[in-house]
Amino acid sequence: MPQSKSTDVKTLGVLINNLGTPDSASINDVKKFLKEFLWDSRVVKMARPLWWLVLNMIILNTRPKKSAAAYQKVWTEHGSPLLAISKKQTDLIRQTLHEANAYAPANIRVELGMRYGNPSIEEGLNNLRDGGATRFLIVPLYPQFSFTTTASVEDEVIRVLQKWEWRGQDFKMIRHYFDNPGYIAALAKSVTAHWDKNGRAEKLLMSFHGIPQQYADDGDPYARECRQTAQLLAQSLNLKPDQWQLGFQSRLGYKKWLAPYTDRILRDLGKQRLQSIQVICPGFSADCLETLAEIALENRDVFLEAGGKEYGYIPCLNDSEDHIRMLSNQILRHIK
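Residues numbered from 1 in each chain as written. Predicted model: local features only at pLDDT ≥ 70, side-chain atom pairs only at ≥ 80, totals over all residues. Heavy atoms only, no water.

### Some words on the nonpolar core
1) Next: By size, the foremost hydrophobic cluster in this structure holds 68 residues, and its most contacted members are Val14, Ile16, Leu204, Met206 and Ile331.
2) Next: Counting residues in hydrophobic clusters, the runner-up holds 35 residues, among them Trp51, Val74, Ile138 and Met173. (Core = buried A, V, L, I, M, F, W, Y, C linked by side-chain atoms within 4.5 Å. Buried < 20%, exposed > 50% of the residue type's maximum accessible area, 1.4 Å probe, protein only.)

Here's what the structure looks like:
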């Protein structure tokens, strides 16, 4: 007879995490979300008194209206695309982990907690604790590590656990998976599937979210990991150097950010009368404002208006089978 699982196995809580989203596409909810996001000192490194003035007196009086208009373009009947997809990812990961028999379903719990907005990291951790979890594995869905993202998640987890006065809880984090073979294979499969359905463009542009160049100069490894991901994906697809390019998007403000800039690449290629281009965003684990509005819509217009002919956006991995399997396998390795 098979041995039963030990009854003294501690319950493990797995927290799936992503950046977050406003509660609605209204100006007020977007303003609330931006205030929380942009006040994070990991995101904006500026003396707090000065940044408070800039944020509250200027940015929050101008940017929410523009951002709300962009959110309204991608908002669905299920609400925020990022939140809807993240919920699906969480449910599928939970199901996959339970089916893997690494733990009995009663000994592992999976919840979603966003860094900003709802459901929050604190809400997710509280749900895990209320479900009996005494150990925690934090899974930020950021393939490339950055102090602006993954480290900020760690800050918030520590803050919540300190509120609990720790009480014996411990936690670990999956800090990155930029070169994970399963991740690269899933990206490559998504590209080839898009090619099979829509044809292959002359060039593939891999667009990653940017960060200020100074952050990289100060030691943030994000840019290096993005470039390694791009190189591995190009190799997996057998692309020649002139068949692909890397860019960084979503810059904010006037300081220098990681370059080259995605929108400038697309404008230049359009002026060169490139016939066709397809864009993928490997650093995003789920489609969101930055992919659905900025890349699929706004940058499409940039390319076509500059003289380009055909533009295609390749969706994020989202809740695809290969993506869920890769994430679940990573979690199982950490559990073991």
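### Digging into the sheet that holds strand E3 (residues 108-112)
By definition, the strands of a sheet pair up through backbone hydrogen bonds, in either a parallel or an antiparallel sense.
1) Next: Pairing within the open sheet is parallel, and its 4 strands lie in the order E3-E1-E5-E6. A single partner strand is all that each edge strand has here, and the edge strands are E3 and strand E6 (170-173). Direction aside, the axes of adjacent strands within the sheet are offset by 20° on average.
2) Next: Sheet topology places strand E1 (residues 12-17) next to E3; 5 bridges connect them, and they run parallel. Among the inter-strand pairings, valine 14 is bridged to a residue of E3, identified as valine 110.
3) Next: Contacts from helix H5 (residues 150-163) reach E1, strand E5 (135-140) and E6 within the one sheet, and its direction differs from that of E6 by about 170°. (Pairing = 2+ DSSP bridges. Helix = DSSP H or I, 4+ residues; strand = E, 2+ residues; numbered from the N terminus. Axes fitted to C-alpha atoms, helices over the stretch in contact; angles between N-to-C directions. Contact = heavy atoms within 4.5 Å.)

### A closer look at the packing of aromatic side chains
1) Next: Using the criterion set out here, one finds 8 aromatic pairs in the structure.
2) Next: With 5.1 Å between their ring centres and 65° between their planes, phenylalanine 37 and tyrosine 116 make a pair best called edge-to-face. Of this pair, phenylalanine 37 sits in helix H1 (residues 27-39) while tyrosine 116 is found in strand E4 (residues 116-117), placing the two residues 79 residues apart along the sequence.
3) Next: Where tyrosine 71 meets tryptophan 75, the ring centres are 6.0 Å apart and the plane angle is 75°; that geometry is what we call edge-to-face.
4) Next: Judged by relative accessible area, which is 8%, tyrosine 71 ranks as buried. (Phe/Tyr/Trp six-rings, centres within 6.5 Å; stacked < 30°, edge-to-face > 60°.)

### Quick notes on the pairing of E1
Sheet faces and side chains relate simply in a regular strand, where the side chains alternate between the two faces.
1) Next: Across the 6 residues that make up E1, a large majority, 6, are buried.
2) Next: Burial of the side chains of E1 extends over both faces: Leu12, Val14 and Ile16 are buried on one face and Gly13, Leu15 and Asn17 on the other.

### Re unusual backbone geometry
1) Next: A cis amide bond, omega -10°, links asparagine 118 with the succeeding residue proline 119.
2) Next: A cis amide bond links alanine 259 with the next residue in sequence, proline 260, at an omega value of 5°.
3) Next: For proline 260, the position within the fold is in the loop between strand E8 (244-249) and helix H9 (262-271).
4) Next: The backbone phi angle of asparagine 238 is positive, close to 55°, even though this residue is not glycine.
5) Next: Positive phi, normally seen in glycine, also occurs at serine 250, with a value near 65°.
6) Next: Counting through the fold element by element, serine 250 comes out in the loop between E8 and H9.
7) Next: The exposure class assigned to serine 250 is buried, which follows from its relative accessible area of 17%.

### Let's talk about a nonpolar patch on the surface
1) Next: Taken together, Trp39, Trp52, Leu53, Met57 and Ile58 make up a surface patch of nonpolar side chains, about 520 Å² in accessible area.
2) Next: With 4 residues, helix H2 (residues 48-74) is the single largest residue contributor to the nonpolar patch.
3) Next: Mapped onto the secondary structure, methionine 57 falls in helix H2. (Patch = residues over 30% accessible without salt bridge, like charges linked within 9 Å, V, L, I, M, F, W, Y side chains within 5 Å. Areas by Shrake-Rupley, 256 points an atom, 1.4 Å probe, with all protein chains shown as cover. Salt bridge = Lys/Arg side-chain N within 4 Å of Asp/Glu carboxyl O.)

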